[in-house]
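In case you want the letters, here they are:
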Amino acid sequence: MKILMVLTSHDQLGNTGKPTGFWLEEFAAPYYIFKDAGADVMLASPKGGQPPIDPKSDEPGNQTEAMERFRNDPAAQKALANTVKLGNVKADGFDAIFYPGGHGPLWDLANDRNSIALIEGFYNAGKPVAAVCHGPAVLKEVTHQGQSIVKGKRVTGFTNSEEEAVQLTDVVPFLVEDELKRLGGRFEKAADWADFTVVDGRLVTGQNPSSSTSAAKELLKLLR
């Protein structure tokens, strides 16, 4: 079982001058769920190398067991520091693709031609596609059989009210909830910050950082 995890390379929060990147829990929790299930995990990003970690995700109040495990895992840290350049990755040989969130993907992966082609390659080959929190933003330009991959599908992602709570509604280039609805997705959500993951066919989406574990587990179920 081989899983591709794709992380953002974008490190600037709009024109605020503040840093962003990927959300550490949304990488760490799924990474260990996949590894513990015996999966071979490859990490990729648009620019390759070390992807930017959103410093907010590593604050004391956001610590989790998976993050602690990552901090004590030199092999995982090395893998993260040496992500493969996305343009050099092909869907062949992988069984599934997973996108952690953080605000970074809104700026790069949402419009990245290599990412879009990869997702379409996976999906057209009958392989599952999963994304959590802001990760579902990567589906924005993805099509399947001539229409949006999310059209008519049950989906979730970081909600408008959660974006409002972190006071970034006017900073982000688009709101995940609004965009998924605009594309014809049947958007579902739980309470802010609650663990909530939706599976529709081969598409797995999680609402927020709390949903990282459940999204990863649902992806594994599709592979079994």
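Provided above is the structure to which this section pertains.
This structure is a prediction, so every number in the text was calculated from the model and none was measured.

(A) How the structure looks around the pattern of salt bridges. On inspection of all chains with the given rule, the structure shows nine salt bridges. Of the charged contacts, one joins Arg182 and Glu179 as a salt bridge, the two residues approaching to 2.5 Å between their closest N and O atoms. Here Arg182 pairs with Glu179, and both are found in helix α6 (residues 176-182), just three residues apart, close to one helical turn. Assessed through its relative accessible area of 59%, Arg182 is described here as exposed. In this structure, the salt-bridge partner of Lys221 is Glu218, at a minimum N-O distance of 3.2 Å. Here Glu218 and Lys221 lie together in helix α7 (residues 212-223), a separation of three residues that amounts to about one turn. Three or more residues are tied together by salt bridges with common partners; here these are Asp58, Glu68 and Arg71.

(B) Broad picture of unusual backbone geometry. One non-glycine residue, Cys133, adopts positive backbone phi at about 65°. Within the secondary structure layout, Cys133 lies in the loop between β5 (129-132) and β6 (143-144). With a phi angle near 55°, Gln145 is a residue other than glycine that sits in the positive phi range. With relative accessibility at 72%, the residue Gln145 sits in the exposed group.

(C) Local environment of the pairing of strand β10 (residues 197-200). Pairing of β10 with strand β11 (residues 203-206), which is carried by four bridges, proceeds in the antiparallel orientation. Pairing of Val198 across the sheet is with Thr205, part of β11. In this structure, the hairpin formed by β10 and β11 is closed by a connection of two residues, where Gly201 is found at a positive phi of approximately 65°.

(D) Broad picture of the environment of Val204. Examined against the element boundaries, Val204 turns out to sit in strand β11. Note on Val204: relative accessible area 0%, which makes it buried. Each C-alpha atom of the pair Val204 and Glu218 lies 7.1 Å from the other, and the pair is 14 residues apart in sequence. Not counting the four nearest positions on each side in its chain, Val204 is found in contact with Val129, Ala130, Ala131, Thr197, Val198, Val199, Ala215, Glu218, Leu219 and Leu222.

(E) Structural view of the layout of surface pockets. Taken as a whole, the largest pocket encloses approximately 490 Å³ of empty space. Lining the largest pocket are 27 residues, with Trp23, Asp54, Lys56, His103 and Val166 sitting closest to its centre. Partitioning the lining of the largest pocket into residue classes produces 11 nonpolar, 11 polar and five charged.

The rules behind the values
Residues numbered from 1 in each chain as written. Predicted model: local features only at pLDDT ≥ 70, side-chain atom pairs only at ≥ 80, totals over all residues. Heavy atoms only, no water. Salt bridge = Lys/Arg side-chain N within 4 Å of Asp/Glu carboxyl O. Helix = DSSP H or I, 4+ residues; strand = E, 2+ residues; numbered from the N terminus. Buried < 20%, exposed > 50% of the residue type's maximum accessible area, 1.4 Å probe, protein only. Pairing = 2+ DSSP bridges. Contact = heavy atoms within 4.5 Å. 1 Å grid on protein atoms, 1.4 Å probe; cavity = no way out; pocket = protein on both sides within 12 Å on 5 of 7 lines; lining within 4 Å. Points joined across faces, edges and corners; volume = space filled by probe spheres on them. Nonpolar A, V, L, I, M, F, W, Y, C, P; charged D, E, K, R; others polar.

Any link to function would need more than the numbers given here.
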